Amino acid sequence: MAVHFPEKVHSLSLIATTCDFRNIANAILEEPLTNLPRPSPSKECLQWISLFSQHHPHLTWIQKIRTQLDGWKILNGPEVPFDSKYYSKMMLKTIWRQRSYNALLNHVSALLSSVDLLLHTQGKIQVPTLVFQGEKDPIFPLGHGEFLSQTIPLGELCLIDKMGHNLNACFYEPI
């Protein structure tokens, strides 16, 4: 919106994001993560991405749900409690609404199809922007938030101590 329809955007708050998906795309496609300008996800996160993004027809629904919950736990980061009850309920609602487990992979497809598009947005956001970056984000480490805020002339980095990638309830107040 801020790039393509700037007249409709007064300011932005960007949370747990990046302007460079190449590390994630390479991890999903099992391509090398070398010589990329931004830091790569944690080893634990990379292992989960590999497992999650592959189609596993032999897994039961319960195993697929556990794999997804494992991912949410990793994305939560190691410093704050993970609310497994909340995420279990969220996963059950998601599964109840979808017709296929493969619908969960739509996020992966959207990410892969927008790698180049996102790279072309760098420097084009011209509104005041707060970039909230989790200090312990396992998928977009600190270098992503730092770079993103630097590509926005009116950007400001707001580092959240102990936060991972998930918007955990314990961070609602500071955000």
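Here, every reference points to the structure presented above.
Since this is a predicted model, take the numbers as computed values, not measurements.

Before going further, it helps to spend a moment on the overall build of the protein chain. Along the protein chain, the regular secondary structure elements total 7 helices and 3 strands. Tracing the protein chain from N to C terminus, the helices and strands come up as β-α-α-α-α-α-α-β-α-β. Against the compact-globule benchmark of 16 Å for 175 residues, the protein chain has a radius of gyration of 17 Å, which places it among compact chains. If you line up the protein chain on its principal axes, its C-alpha atoms span 50 × 35 × 30 Å. Counting the 175 residues in the protein chain, one finds 41% classified as buried. Across the protein chain, every contact between residues at least 6 apart in sequence was considered, and the portion connecting residues at least 24 apart equals 70%. Taken as a whole, the protein chain presents about 10,500 Å² of accessible surface, with 56% of it coming from carbon and sulfur. Here the protein chain holds 15 positive side-chain charges and 15 negative ones, and the gap between their average locations is 10 Å.

So, about the layout of surface pockets. Size it by volume and the largest pocket reaches roughly 810 Å³. Trp72, Leu75, His107, His165 and Asn166 are the residues nearest the centre of the largest pocket, which is lined by 30 residues in total. Broken down by secondary-structure element, the contributors of at least two residues to the lining of the largest pocket are helix 1 (22-28), helix 2 (43-53), helix 3 (61-76), helix 4 (84-97) and helix 5 (106-113). Of the residues forming the lining of the largest pocket, the biggest block, 5 residues, is contributed by helix 4. Residues of the lining of the largest pocket, tallied by class, amount to 21 nonpolar, 8 polar and 1 charged. Estimated volume of the second largest pocket: approximately 360 Å³.

Basis of the calculations
- Residues numbered from 1 in each chain as written.
- Predicted model: local features only at pLDDT ≥ 70, side-chain atom pairs only at ≥ 80, totals over all residues.
- Heavy atoms only, no water.
- Helix = DSSP H or I, 4+ residues; strand = E, 2+ residues; numbered from the N terminus.
- Rg over C-alpha atoms; globule rule 2.2 N^0.38 Å.
- Buried < 20%, exposed > 50% of the residue type's maximum accessible area, 1.4 Å probe, protein only.
- Contact = heavy atoms within 4.5 Å.
- Areas by Shrake-Rupley, 256 points an atom, 1.4 Å probe, with all protein chains shown as cover.
- Lys, Arg positive; Asp, Glu negative; His and termini not counted.
- Charge placed at Lys NZ, Arg CZ, Asp CG, Glu CD.
- 1 Å grid on protein atoms, 1.4 Å probe; cavity = no way out; pocket = protein on both sides within 12 Å on 5 of 7 lines; lining within 4 Å.
- Points joined across faces, edges and corners; volume = space filled by probe spheres on them.
- Nonpolar A, V, L, I, M, F, W, Y, C, P; charged D, E, K, R; others polar.

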